[in-house]
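Residue-level listing of the chains:
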Amino acid sequence: MVSPSRPAAKTSQPPRRLIVGITGATGVIYGVRLLQLLREIPGVETHLMISDAGVLNLHQELEMRRKQVEALAHVVHNVRDIGAAIASGSFQSDGMIIAPCSMKTLASVANGLSDNLITRAADVALKERRRLVLMVRETPFNLAHLRNMTSVTEMGGIIFPPLPGFYHRPQSIAEMVDHTLGRVLDLFAIQHTLTPRWNGLKACPVLK
């Protein structure tokens, strides 16, 4: 099932395609906010999949329904549609972001299981040497988690736990989320103004 909700913003260049997966880990706000940000960037086309557990977390954490989130994407794919276009390496994309990424999804990617469209699309990103970013959410990590993260890293994926920075003195959860997602967009060379750039430590009067 593929359901386009709106055409991508027209530019003189073909759209950049980014695949977004939302799974059942806590932190669905990252996936939703990412879609909101990408929707406002001209020339970017998003392809979205949401797992069943991801749908549950949308309701639990944000009181949102599946359709509300799907409306933020340009194209929506059923997570069970293993024959979708994005399941093939011939589908051109700039890469994939799983936000958030559950430990089950991490394990499936690390071991090449391709047991649903999210993990198959991630497998495609790895085999085609495209950028794959996993915003893994769990704490604390056990040894299996760490080994799976190592395996994905060795295959070329990027493990990106959404850990907030505090040096920019965030005043809200929204600012912390945007700062983290700004770093994710940097990985795809997508320009943004979500957060100030680091310009070095301020002079500390205590040390003078």
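Preceding block: the structure.
Caption draft 1: Structural detail: the overall build of the chain. When its secondary structure is counted, the chain shows seven helices and seven strands. Listed by position from the N terminus, the elements making up the chain come as β-β-α-β-α-α-β-β-α-α-β-α-β-α. What you see for the chain is a C-alpha radius of gyration of 17 Å, in line with the 17 Å of a compact globule of 208 residues. C-alpha atoms of the chain, sized along the principal axes, occupy 65 × 45 × 35 Å. Counting the 208 residues in the chain, one finds 47% classified as buried.

Caption draft 2: Up close: the packing of aromatic side chains. A complete count under the given rule lists one aromatic pair for this structure. Aromatic pair Tyr167 and Trp198: ring centres 5.1 Å apart, planes at 75°, arrangement edge-to-face. Placement of Tyr167 in the loop between strand 7 (158-159) and helix 7 (173-187) and of Trp198 in the segment after helix 7 is noted, with a sequence separation of 31 residues between them. Overall, the relative accessible area of 45% leaves Tyr167 in the partly exposed class.

Caption draft 3: Just the nonpolar core, in detail. Leu35, Leu38, Leu48, Val69, Ile97 and Met135 are the most contacted members of the largest nonpolar core, which has 32 residues in total. Residue assignment for this core shows that the elements contributing at least two residues are strand 2 (16-22), helix 1 (28-39), strand 3 (44-50), helix 2 (52-62), strand 5 (95-101), strand 6 (131-136) and helix 7. Looking at which element gives the most residues to this core, the answer is helix 1, with seven residues. With 26 residues, the next largest nonpolar core counts Ile86, Phe91, Ala125 and Leu132 among its residues.

Caption draft 4: Structural context of the pattern of salt bridges. Enumeration over the complete set of coordinates arrives at eleven salt bridges. Among the ionic pairs, Arg66 bridges to Glu70, the shortest N-O distance being 4.0 Å. Taken together, the residues span about one helical turn, with Arg66 and Glu70 both in helix 3 (residues 66-70) at a distance of four residues. Arg66 sits in the partly exposed class, given a relative accessible area of 31%.

Caption draft 5: Layout of the pairing of strand 6. Most of strand 6 is tucked away, with five of its six residues classed as buried. Bridge count for strand 5 against strand 6 is five bridges, and the pairing is parallel. The partner of Ile98 across the bridge, within strand 6, is Leu134. Relative to strand 7, strand 6 runs parallel, the two being bridged by two bridges. Considered in strand 7, the bridge of Leu134 is made with Ile159. For the crossover from strand 6 across helix 6 (residues 143-154) to strand 7, the handedness is right-handed.

Caption draft 6: Broad picture of unusual backbone geometry. A cis geometry characterises the amide bond from Ala99 onward to Pro100, with omega recorded as -5°. Topologically, Pro100 is positioned in strand 5. Residues Thr139 and Pro140 are joined by a peptide bond in cis, for which omega reads -10°. Following the sequence through the fold, Pro140 ends up in the loop between strand 6 and helix 6. The phi dihedral of Arg169 falls on the positive side, at around 55°, and the residue is not glycine. Assignment of secondary structure puts Arg169 in the loop between strand 7 and helix 7. Here the phi dihedral of Ala189 falls at roughly 55°; this positive angle occurs in a residue that is not glycine. With respect to the element layout, Ala189 can be found in the segment after helix 7.

Calculation criteria
- Residues numbered from 1 in each chain as written.
- Predicted model: local features only at pLDDT ≥ 70, side-chain atom pairs only at ≥ 80, totals over all residues.
- Heavy atoms only, no water.
- Helix = DSSP H or I, 4+ residues; strand = E, 2+ residues; numbered from the N terminus.
- Rg over C-alpha atoms; globule rule 2.2 N^0.38 Å.
- Buried < 20%, exposed > 50% of the residue type's maximum accessible area, 1.4 Å probe, protein only.
- Phe/Tyr/Trp six-rings, centres within 6.5 Å; stacked < 30°, edge-to-face > 60°.
- Core = buried A, V, L, I, M, F, W, Y, C linked by side-chain atoms within 4.5 Å.
- Salt bridge = Lys/Arg side-chain N within 4 Å of Asp/Glu carboxyl O.
- Pairing = 2+ DSSP bridges.
- Right-handed = clockwise from strand over helix to strand, strands pointing away.

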